[in-house]
Amino acid sequence: MLEIHEIGKNFGSFKAIDKVSLQVAEGETVGLLGVNGAGKTTLMNMILGLITPTSGSIRVFGLDLAKHRIEILRRTNFCTTYASLPGNLKVRHNLEIFARLYSVKPPKPRVSELLGLLGIEHLADRITGQLSAGETTRVNLAKALLNDPDLLLLDEPTASLDPDIADRVRTFVTEIQRQRPRSIVYTSHNMKDIEVLCDRIVFLHEGRILAQGTAAELKTIFQREHLDDVFIHVARAKEGELGLP
Ligand SMILES: Nc1ncnc2c1ncn2[C@@H]1O[C@H](COP(=O)(O)OP(=O)(O)OP(=O)(O)O)[C@@H](O)[C@H]1O
């Protein structure tokens, strides 16, 4: 579903992403981990075609992203705290507009269905710009599901959520994967999210992949009981110091 081949992104002389290769299969959820500034959002933005890579290539659904962006984006969606929906519109109107942009037919029932699935019917008539950070995240998640995407990019979807709502979001993501498996790339600083949701974990560090595997494999490789400790170990290690097999 997603094939990233030796992708690189330079901002001036700074290498934000350096020769990263990654594949995500149909129905697979891949967790992208890394310290602040590791390059996660830059990679996500390249998959969405928002940033042009300096080198390498990205294929989605077997198509070259550089040549088939519109076709690919029709079957893709994302949730990020970095892009806000127009703040002056009611939540329902925002979602209906985006549903129309994605050619969802008919848009209104789909919006109502998603508001119900996310348990945010009570936000439908609120002004989007007046929502709390946690409420905004759930509205963004509803937006991300409007077109029932085959590829879903979730950039820190539980950031700023209280533990109860974060748990509901994890259950929601598990449920949508159970109903119809899709490919998900998931970034989070919440290791519980990653353990519960991700089939495979990729550690990015200074724009490069430092380690990857399942949560269980990584814990075994690095001899740590908890994924948090694996994260700290990998984050503090320099290249070549990890003693990977
Ligand atoms: N437009 C830009 N111009 C210059 N440098 C940039 C630009 N965008 C990102 N960077 C730099 O690239 C690096 C990777 O940034 P990115 O936002 O991808 O990190 P991240 O892993 O998502 O971090 P965080 O966990 O803090 O969200 C950072 O050092 C950042 O300062």
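Residues numbered from 1 in each chain as written. Predicted model: local features only at pLDDT ≥ 70, side-chain atom pairs only at ≥ 80, totals over all residues.

The chain appears in an unreviewed UniProt entry as ABC-2 type transport system ATP-binding protein from Haloferula luteola. UniProt, in the comment section headed Sequence similarities (unreviewed entry), describes the chain in these words: "Belongs to the ABC transporter superfamily." (UniProt positions renumbered as here; feature names shortened; annotations may be inferred.)

1. Focus on the site of the ligand
Lining the immediate surroundings of the ligand are Phe11, Phe14, Ala16, Gly34, Asn36, Gly37, Ala38, Gly39, Lys40, Thr41 and Thr42. Of all the elements in the fold, those that place two or more residues in the shell around the ligand are β2 (14-24) and α1 (40-47). Counting residues per element, the shell around the ligand draws most heavily on α1, at three residues. Classifying every residue of the shell around the ligand by side-chain character gives four nonpolar, six polar and one charged. (Near = placed C-beta within 6 Å. Helix = DSSP H or I, 4+ residues; strand = E, 2+ residues; numbered from the N terminus. Nonpolar A, V, L, I, M, F, W, Y, C, P; charged D, E, K, R; others polar.)

2. Some points on the UniProt feature "domain: ABC transporter" (unreviewed entry) in the chain
Using the residue numbers shown here, the UniProt feature "domain: ABC transporter" (unreviewed entry) corresponds to residues 2-231. With 37% helix and 27% strand, the stretch residues 2-231 has end C-alpha atoms that lie 25 Å from each other.

3. Notes on the environment of His189
Considering the arrangement of structural elements, one finds His189 in the loop between β8 (183-187) and α7 (191-197). Exposure remark for His189: the 16 C-beta atoms within 10 Å place this residue in the partly exposed category. Sequence separation between His189 and Asn36 is 153 residues; the distance between their C-alpha atoms is 9.2 Å. (Buried ≥ 20, exposed ≤ 12 C-beta atoms within 10 Å, placed from the backbone.)

4. As for the nonpolar core
Grouped together as the largest cluster of nonpolar side chains are 63 residues, with contacts concentrated most on Ile47 and Val185. In contact with Val185, not counting residues within four places along its chain, are Val24, Val30, Leu32, Met44, Ile47 and Leu153. (Core = buried A, V, L, I, M, F, W, Y, C linked by C-beta atoms within 7 Å. Contact = placed C-beta atoms within 7 Å.)

5. Describing the sheet that holds strand β6 (residues 76-80)
Sheet architecture is open: six strands sit in the order β6-β7-β8-β3-β9-β10, paired in mixed fashion. If you trace the sheet from one side to the other, it starts and ends with β6 and β10 (208-213), each paired once. Each strand of the sheet is rotated relative to its neighbour by a mean of 15°, with strand direction disregarded. Taken together, the five bridges between strand β7 (residues 151-155) and β8 define a ladder with parallel strand orientation. (Pairing = 2+ DSSP bridges. Axes fitted to C-alpha atoms, helices over the stretch in contact; angles between N-to-C directions.)

6. Describing the sheet that holds strand β4 (residues 55-60)
Hydrogen bonding along the main chain pairs the strands of a sheet, whether they run parallel or antiparallel. Taken in spatial order, the four strands line up as β2-β1-β4-β5 in an open sheet, and their pairing is antiparallel. Two strands lie at the open edges of the sheet, namely β2 and β5 (63-64), each paired on one side alone. In terms of strand pairing, strand β1 (residues 2-11) meets β2 through seven bridges, oriented antiparallel. Across the sheet, Lys9 pairs through a bridge with Ile17, a residue of β2.

7. What to know about unusual backbone geometry
Following Lys105, the chain continues to Pro106 via a peptide bond in cis, the omega torsion being -15°. With respect to the element layout, Pro106 can be found in the loop between α3 (91-101) and α4 (107-117). We note that Phe61 has phi near 55°; this positive angle belongs to a residue other than glycine. Looking at the secondary structure, you find Phe61 in the loop between β4 and β5.

8. Section: the pairing of β7
With five of five residues buried, β7 is to be regarded as a mostly interior element. Of the two faces of β7, the one carrying Leu151, Leu153 and Asp155 and the one carrying Leu152 and Leu154 are both buried. Relative to β7, β6 runs parallel, the two being bridged by five bridges. Its bridge partner lying in β7, Thr80 is registered against Asp155. What joins β7 to β8 is helix α6 (residues 163-179), and the crossover it makes is right-handed. (Right-handed = clockwise from strand over helix to strand, strands pointing away.)

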